[in-house]
Amino acid sequence: MADRSQDGSPSLVPVYLAAGSGGLLALSFPKFNLLPLGMVALLPLLIFIAREPSGWRRFLGGLLAGALFFAATCYWLYLVQVQYGGLNALQAAGVLLLLVVFMALYWGLFGWLGGKCWQDRK
């Protein structure tokens, strides 16, 4: 059952908690070097996907998790584009944003499809 806010509309707190999976997974990468987080980083997202009945909210949770992950791990592409690609700062930021959103779509699709398969199994 979806969590509700005080006015009766669906709460976005579970979506943000699921999105935290992307941040936790990014922290397990070498720059932050918190390797044990990699073993549990995707659990909030997977639990959210299994419990959320709304396909749109599952997609949004996966999209946000993927966006956080790719923004935190692919930041260096911005520097490469500015230093070696000949792009100015705004162009490089735009290209990086497009890449992050495009790659996060895979996570969103996983959230939507994974939840659909989970519900069909019941």
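Quick note: structure is the one above.
Basis of the calculations
- Residues numbered from 1 in each chain as written.
- Predicted model: local features only at pLDDT ≥ 70, side-chain atom pairs only at ≥ 80, totals over all residues.
- Heavy atoms only, no water.
- Helix = DSSP H or I, 4+ residues; strand = E, 2+ residues; numbered from the N terminus.
- Buried < 20%, exposed > 50% of the residue type's maximum accessible area, 1.4 Å probe, protein only.
- Contact = heavy atoms within 4.5 Å.
- Lys, Arg positive; Asp, Glu negative; His and termini not counted.
- Charge placed at Lys NZ, Arg CZ, Asp CG, Glu CD.
- Axes fitted to C-alpha atoms, helices over the stretch in contact; angles between N-to-C directions.
- Left-handed = near helix turned anticlockwise from the far one by under 90°.
- Nonpolar A, V, L, I, M, F, W, Y, C, P; charged D, E, K, R; others polar.
- Patch = residues over 30% accessible without salt bridge, like charges linked within 9 Å, V, L, I, M, F, W, Y side chains within 5 Å.
- Areas by Shrake-Rupley, 256 points an atom, 1.4 Å probe, with all protein chains shown as cover.
- Salt bridge = Lys/Arg side-chain N within 4 Å of Asp/Glu carboxyl O.

Enquirer: Would you take a moment to explain the overall build of the protein chain for this structure?
Expert: A tally of regular secondary structure across the protein chain gives five helices and zero strands. Helices (α) and strands (β) of the protein chain occur, in sequence order from the N terminus, as α-α-α-α-α. A principal-axis box enclosing the C-alpha atoms of the protein chain has dimensions of 50 × 30 × 30 Å. In the protein chain, buried positions account for 30% of the 122 residues. A fraction of 62% describes how many contacts in the protein chain between residues 6 or more apart in sequence connect residues 24 or more apart. Taken as two groups, the 8 positive and 4 negative side-chain charges of the protein chain have centres that lie 7 Å from each other.

Enquirer: It is not clear to me how the environment of proline 36 should be interpreted in this structure. Could you clarify?
Expert: By secondary structure assignment, the location of proline 36 is in the loop between α1 (13-27) and α2 (43-51). When its relative accessible area of 56% is taken as the criterion, proline 36 is described as exposed. The spatial distance from the C-alpha of proline 36 to the C-alpha of leucine 25 is 9.7 Å, given a sequence separation of eleven residues.

Enquirer: Which parts of the structure should I look at to understand the packing of helix α3 (residues 55-73) against helix α5 (residues 89-121)?
Expert: Relative orientation of the contacting elements α3 and α5 amounts to 145°, with a least axis distance of 7 Å. Handedness of the crossing formed by α3 with α5: right-handed. Classifying every residue of the contact of α3 with α5 gives 15 nonpolar, seven polar and two charged.

Enquirer: Help me understand a nonpolar patch on the surface in this model?
Expert: A contiguous nonpolar patch, built from Met39, Val40, Leu42, Leu43, Leu46, Ile47 and Phe110 and spanning about 660 Å² of accessible area, is present on the exposed surface. The greatest single-element share of the nonpolar patch, amounting to three residues, is contributed by α2. Following the sequence through the fold, methionine 39 ends up in the loop between α1 and α2.

Coordinates in, geometry out; function isn't part of it.
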